Amino acid sequence: MKKPFYIFSLVVLLLIISLPGIFNRAEVESANRIYEIMMPLEDLRAIAEAENRSDYEVLEAFKAAGLEKVQLDYLTLARMEENQQLSIYSDAELTEALRFSPEYKDSYVEKGIYVTIPRQSSYENLLTQHFYLDYRIIGGERFYYFTDPGVLEENIGYDAYYIQMLHKADMDYVFSLPNQNSHESSTLLHNYRHPSLQGVLFSSGEVAGYPVEEDMQAARDVLQKNGLSFYQQEFSALAGFPGFAKETNYQFIRMHAITLGEKELEESVQQAVRAIKERNIRSILVTAAPERAADGITFIERLQQQMPAHFIHGDARPFQTIATSNWIQPLLLLAGVLFGYGLLRLLPFKIIRIAMVSLLVLAGAAWLITDYLLLLKLFAWLIAVLTAVCAVLISANSRVGLWKAAEKGAAVWLSFLQALGITVIGILLIIGLLNGNEFISGVELFRGIKLLHIVPPFLVFLVLFGYYLAKQHRHSLLNIFNKEVRVWHVIVCFGLLLIFAYYIIRTGNSNLVSPWEITIRHTLEEILYVRPRTKEFLIGYPAMIIGLYFLPRSPIIGRFLLVIGSIGFLSMINTFTHFHSPLFVSLLRSVYGIGLGVILGYFVLFLIVWGRKYWAK
């Protein structure tokens, strides 16, 4: 047993040496505590029209409530027609209209698009600056003439009237920026450069310049030259975004969109609060229909009231760069290989030990040679699986000496602490390896979460029940298949299948949450700041403690409960693989899960022991 002790001592030493990288991440996360609330100008204008108030009056009302920025859409000919600033006709429509004019009914109308002259000279100047205009006189009226229908959706600039209104209200704003060539982007942002212009939000599902790398680089240069941040809306795909973000060192602002009316107002407020404090979101984009105008102001006010005190309402900014040294990751790769070897050294599976350690070495070496990030993620995923599986098996072995590789008779709490210690080491390795702005920004994700929730319990089951399966095999598996199947067998199997399916579906961002569960979650968050994982404190840890107790007394029950107990440790690992969640939040969530889980586990264990004694009498 001394050899594994020395190996784990070296792993712990390497982890201690690499801790500055993790501390730097925690410092960067804690330093960025400013959040903002944003609304589209179009929503504010719709509210003003519905309430028969001026745009400026509505803007001032929302600003007084706490609105920090406004999203300003770009102008197109189609949008100008929607706003009744001009009219657009096809050649067929004009020909049909001229039929009823005796004077012009024989006029020839060329095939194309006809646009009336805007009623305001400022819009006419805007069109003149953007297009090489061609004119036609039809029916005595002058039209702009276009042959390409695509011009109707081109970005021709931003409404100077509303920009002046925002300046007057001292309101910052963000431009919606479509994908266009680099020259147009550069000219556009240069022409509208102003201190109140704080950034851009890419529209059309693509970053500016995509897919041409030279145009994307030019767009990045334009933003940096003008000191503008760019936003990325959570849960929305943006073509070209990973590369765009990488080249700017991930200096962008994470945004979360809330549509009022889809949920109860209080639930929407809680959703925004969680996004900010748990997922590094720093901008909330609120959209509200005219009939939800009152809800819009109430939402903004309640969000500020319910936001934890250490967050500050103001202008959001990107996260600073996490300082990491080049030598830390190779050091952690070595620690990961040693950790995997040390864990498997405590178990009697030599062939598996050789295969797994070889796979870790190959994945780590391949990443060092190629710098292909997927290989580093694979290495971290293997560490996660090894950690979750070995934490359970080694603690079970220390409890009853399943393979006579450790002292027998360790106390339940001691075996549980051993599993917990192994899990903590694995987590430190994972968050140390996958550390940087690309991870905390959510651009790079830890893959294989679903598999991580399936593979460890399955492997633990195979190991703990392998003996029984092998014993049945010696008698012939035909005996199993030839047994009678009763109705209750089918019902139990179907029930277990439903439980398993629900378990998998609930893994990740699932919407299958009942109203009473939402209420409990909100209550826990109000009391504890963040809620612990249900899989940890209500299922995994209690099952682990009870399973360790029963292991020497009723091996089958004990082993079955340990399989369920593995869910708690893999859930804890999964918590820390949500790299876009602050380390403080993940740590606090895990501490609560362990504390409540241990308390619940020992309470249930007390009831079981007391109940057995009572029935024995």
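Structure shown above.
Residues numbered from 1 in each chain as written. Predicted model: local features only at pLDDT ≥ 70, side-chain atom pairs only at ≥ 80, totals over all residues. Heavy atoms only, no water.

Peer 1: Please clarify how the overall build of the chain should be interpreted in this entry.
Peer 2: Summing up its helical and strand segments, the chain has 24 helices and twelve strands in all. Over its C-alpha atoms, taken along the principal directions, the chain stretches across nearly 105 × 55 × 55 Å. Put simply, the chain has 617 residues, and 49% of those count as buried. Long-range contacts, defined here as pairs at least 24 residues apart, represent 78% of the contacts in the chain between residues at least 6 apart. Carbon and sulfur atoms make up 60% of the accessible area of the chain, which totals about 30500 Å². The distance from the centre of the 53 positive side-chain charges to the centre of the 55 negative ones in the chain is 23 Å. (Helix = DSSP H or I, 4+ residues; strand = E, 2+ residues; numbered from the N terminus. Buried < 20%, exposed > 50% of the residue type's maximum accessible area, 1.4 Å probe, protein only. Contact = heavy atoms within 4.5 Å. Areas by Shrake-Rupley, 256 points an atom, 1.4 Å probe, with all protein chains shown as cover. Lys, Arg positive; Asp, Glu negative; His and termini not counted. Charge placed at Lys NZ, Arg CZ, Asp CG, Glu CD.)

Peer 1: Looking at this structure, I do not really get helix α14 (residues 350-370). What am I missing?
Peer 2: In an α-helix, one turn spans 3.6 residues, which is why side chains three or four residues apart end up on the same side. Taking 1.5 Å per residue as the helical rise, α14 with its 21 residues ought to reach 30 Å, and the 30 Å between its terminal C-alpha atoms agrees with that figure. Here α14 has its buried residues at Arg353, Val357, Leu360, Ala363, Gly364 and Trp367. Within α14, the buried residues cover an arc of 125 degrees as seen down the axis, which keeps them to one side. Exposed residues pointing more than 90 degrees away from the buried face of α14 are listed as Lys350, Ile351, Leu362 and Ile369. Elements in contact with the buried residues of α14: α13 (328-345) and α15 (373-400). Looking one or two places after α14, you find aspartate 371, whose phi comes out positive at around 60 degrees. (Expected span 1.5 Å × (residues − 1). Arc of directions from axis to C-beta.)

Peer 1: Explanation requested: helix α5 (residues 91-98) in the structure shown.
Peer 2: By the burial criterion, the buried members of α5 are Asp91, Leu94 and Leu98. Looking straight down α5, one finds its buried side chains confined to an arc of 65 degrees; they lie on one side. Turning to α5, the residues buried within the fold contact β3 (88-90), β4 (113-116), β5 (135-138) and β6 (141-146).

Peer 1: What is the right way to read the pairing of β4 from this model?
Peer 2: A regular strand carries its side chains on alternate faces of the sheet. Alternating residues of β4 divide into Ile113 and Val115 and Tyr114 and Thr116, and every residue in both groups is buried. Bridging between β3 and β4 involves three bridges; their strand directions are antiparallel. When the sheet's bridge partners are listed, serine 90 is paired in β4 with isoleucine 113. Sheet topology places β4 next to β6; four bridges connect them, and they run antiparallel. (Pairing = 2+ DSSP bridges.)

Peer 1: For this particular structure, what's the right way to read empty space enclosed by the protein?
Peer 2: Remark: the empty space left among the atoms is shown by a probe the size of a water molecule rolled over them. Taken as a whole, this structure holds two cavities of 30 Å³ or more when the rule is applied. Each pocket or cavity is described by its volume, and for the largest cavity that value is around 60 Å³. If you trace the largest cavity, you find it lined by Tyr250, Phe252, Ile253, Arg254, Phe319, Asn437, Ile440 and Ser441. Elements that contribute at least two residues to the lining of the largest cavity include exactly β10 (253-259) and α17 (437-440). (1 Å grid on protein atoms, 1.4 Å probe; cavity = no way out; pocket = protein on both sides within 12 Å on 5 of 7 lines; lining within 4 Å. Points joined across faces, edges and corners; volume = space filled by probe spheres on them.)

Peer 1: Where do I start with the environment of alanine 335 in this structure?
Peer 2: Among the structural elements, alanine 335 can be located in helix α13. The class for alanine 335 is buried, based on a relative accessible area of 0%. C-alpha separation for the pair alanine 335 and isoleucine 425, spaced 90 residues apart in sequence, amounts to 10.0 Å. Ignoring any residue separated from it by four or fewer positions in sequence, one finds alanine 335 in contact with Val11, Leu14 and Leu429.

Peer 1: What should I look at first to understand unusual backbone geometry in this one?
Peer 2: Look at the link from tyrosine 210 to proline 211: it is a cis peptide, with omega at 5 degrees. Relative to the helices and strands, proline 211 resides in the loop between β8 (197-202) and α9 (213-225). Its identity is not glycine, yet glutamine 84 carries a phi of approximately 60 degrees, on the positive side. In this structure, glutamine 84 sits in the loop between α4 (77-82) and β3. Overall, the relative accessible area of 66% leaves glutamine 84 in the exposed class. Positive phi values are uncommon outside glycine, yet aspartate 371 reaches one of about 60 degrees. Note that aspartate 371 resides in the loop between α14 and α15.

Peer 1: Please explain the environment of glutamate 262 as it appears in this structure.
Peer 2: Inspection of the secondary structure puts glutamate 262 in the loop between β10 and α11 (265-278). It is 56 Å that separates the C-alpha atoms of glutamate 262 and tryptophan 403, two residues lying 141 residues apart in sequence.

That is the geometry; function is a separate question.
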